Amino acid sequence: MRAAILKAGATLLTVAATALSALYVTSHLKNPAAPLQPAVLSTSRASVVSAPGGTLTLGPSVQPSSAQPVTSTYAS
Amino acid sequence: MPHKPVESHHFEALGTNCSLFAVDASRRALLEADFWVRGLGARLTRFSSDSELSRFNASAGRWQDISPKLESLLRESMRAYETSSGLVNVAILRSMEAVGYTRPLSEGRPVATELRACPLPALPDVLAVRPGAARLQRGAGIDLGGIAKGWMADRLRDSLGPNALANLGGDLSAGGLGPAGGGWPVGLGGATVLLRDQGAATSSVRRRRWGGEHHHLIDPRTGLPARTGLEEVSVVATSGVEAEIVAKTALLVGPELAPAYCAAHALAWWLSP
C-alpha cells in the first residue's frame, strides 16, 4: 500500500512539473524580433565615404566636421 | 558657441611625436604630463636593459614584483588578447627580435633577417599576473609597444581635465566637448571627425619597414610580419587603448572580415588596402 502511494506521488509530481514547465515556456516565448546582443552596427545607420586610398565608415556617434583638425591619428 | 582657448604642448617621447591639448588647463599641467610620459616610457621600453619591462623580461621563470602601472598594463594586455581572439599578443618580443627589430629606428635601420614562421604562444600560457607581481614563462618576452600608447593617452586625458586630448604617436584619446563645443576635431582617413570621450588609433604596415618584407606589425599566427591585404586601418572607439586593439585586430583579420569586425567593435573606421 505504501509503495503504491509513493509511486502515485512520484507520478503526480512528474506530471505536475511537466505541466508547469510547459506553461512557463509557452508564456515566455523568445521574441524573434529582439535585437542581437551585443548590438552590431547596421550598415544602414553608418555612412560610408570612399576616399582616395581607402574607405571611411562613420557610425552614428561620430560626426564629420569641416573644422580644421587640431591633430590626427596616424601610423608612427 | 565661441571657441575656448586651447593650451597645447608638443614634444618627442616614446620614439615618436606627442601632442597634448587642453581647455582650461595650465601650462604647468601640460609640462607635468610631458614629464609623466617620459618617465613611464623609460620604465616600459624594451630597448633599455634597466627599464622595469626589461627587468621583468629578464626574470622569466619566476614571480617578479612589478609596479601598479606595469600590472595594470599587463592586465590590459590579457584583456586585449581575449577581445582580439589572440591577435593582439604582447608576448611578441622574440618575434620582433627575430625579424631584426632590436633597437629603436632612430638608432638606425634594423638588419633584415631570414624570415621563419614561428607562431606565438598563447598569452595566458606564458603570462600570469597577481596583485603586485607577475610571472613570465622562461623563453617568452613582452613588448608593450602595441598597447601602451593608447593606454597612456587615456590616462593623460583624464589627468588633464574634463576637456582635453592626448595624442601619443597617432594613438589618441579625447575627452569633453573640445574647444568649440561639438567635440575635438581630429583627422581620420583624410576627413575630420569630432571626438567626444572617445579614442582613435592607426595600425599600419607602411611605416617602420626595412629589408622589403620586414616591418614591425607581427601576425601572432605566424610570428612573421603581417601580410593580410590591408596596409592601414584607423579606428575610433570608446577609448584610446580600445581603438589601438581594434585597429590592430582589423588589420590582421584582413579585408574580408575587417568591415564586419569594425562594425561590431568600432565607432568609425578607415580601411586602406
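Here we summarise the structure given alongside this text. Values in this document were obtained by computation on a predicted structure and should not be read as measured data.

**Side note on the nonpolar core**
Residues and elements named next belong to chain B.
- If you look at the biggest cluster of nonpolar residues, it comprises 44 residues, and the most contacted ones within it are L20, F56, L74, L123, I142, L144 and I147.
- If we skip the residues at most four places from it in the chain, L123 touches S77, M78, Y81, N89, V90, A91 and I142.
- A226, V233, C262 and A266 belong to the second largest nonpolar core, which has 22 residues in total.

**Examining the interface of chain A and chain B**
- Across the contact, 26 residues belong to chain A and 37 residues belong to chain B.
- Summing the contributions of chain A and of chain B, the shared interface buries around 2600 Å²; its carbon and sulfur component is 57%.
- Where chain A packs against chain B, one counts zero salt bridges.
- The interface formed by chain A and chain B holds 18 residue pairs in polar contact (both at pLDDT 80 or more) in total.
- Listing elements by their share of the side of chain A that touches chain B, those giving two or more residues are β2 (54–58), β3 (63–64) and β4 (71–72) of chain A.
- In terms of residue count, β2 of chain A provides more of the side of chain A that touches chain B than any other element does, five residues in total.

**A look at the side chain of S76 of chain A**
- With respect to the secondary-structure elements, S76 of chain A resides in the segment after β4.
- Residue S76 of chain A is classed as buried on the basis of its relative accessible area of 17%.
- Leave out the neighbours within four places in its chain, and S76 of chain A touches T16, K149, G169, R207 and R208 of chain B.

Definitions and cut-offs
- Within any chain, residue numbers begin from 1 and follow the written order of that chain's sequence.
- A letter from A marks each chain and a number from 1 marks each ligand, given out in the order of writing.
- It should be noted that, the model being predicted, local features are given only for residues of pLDDT at least 70 and side-chain atom pairs only at 80 or more, the latter also being counted only at that level, while totals for whole chains, interfaces and linings use all residues.
- Excluding hydrogens and water, the side-chain values take into account all heavy atoms of the structure.
- Here, nonpolar core means buried Ala, Val, Leu, Ile, Met, Phe, Trp, Tyr and Cys residues that are tied together by side-chain atoms lying within 4.5 Å of each other.
- The rule is simple: take the accessible area with a 1.4 Å probe, protein chains only, and divide by the maximum for that residue type; under 20% is buried, over 50% is exposed, in between is partly exposed.
- By definition, residues are in contact when any of their heavy atoms lie within 4.5 Å.
- Accessible area, probed at 1.4 Å, shrinks when two parts are joined; the buried area is that loss added up over both.
- The rule for a salt bridge is simple: a side-chain nitrogen of Lys or Arg has to be within 4 Å of a carboxyl oxygen of Asp or Glu.
- Polar contact criterion, stated in full: a pair of N or O atoms within 3.5 Å, where within protein one must be able to donate a hydrogen and the other to accept it, and residues adjacent in sequence count only if both atoms are side-chain atoms.
- Under the scheme used here, helices are H or I runs from DSSP no shorter than 4 residues and strands are E runs no shorter than 2 residues, and both carry numbers assigned from the N terminus.

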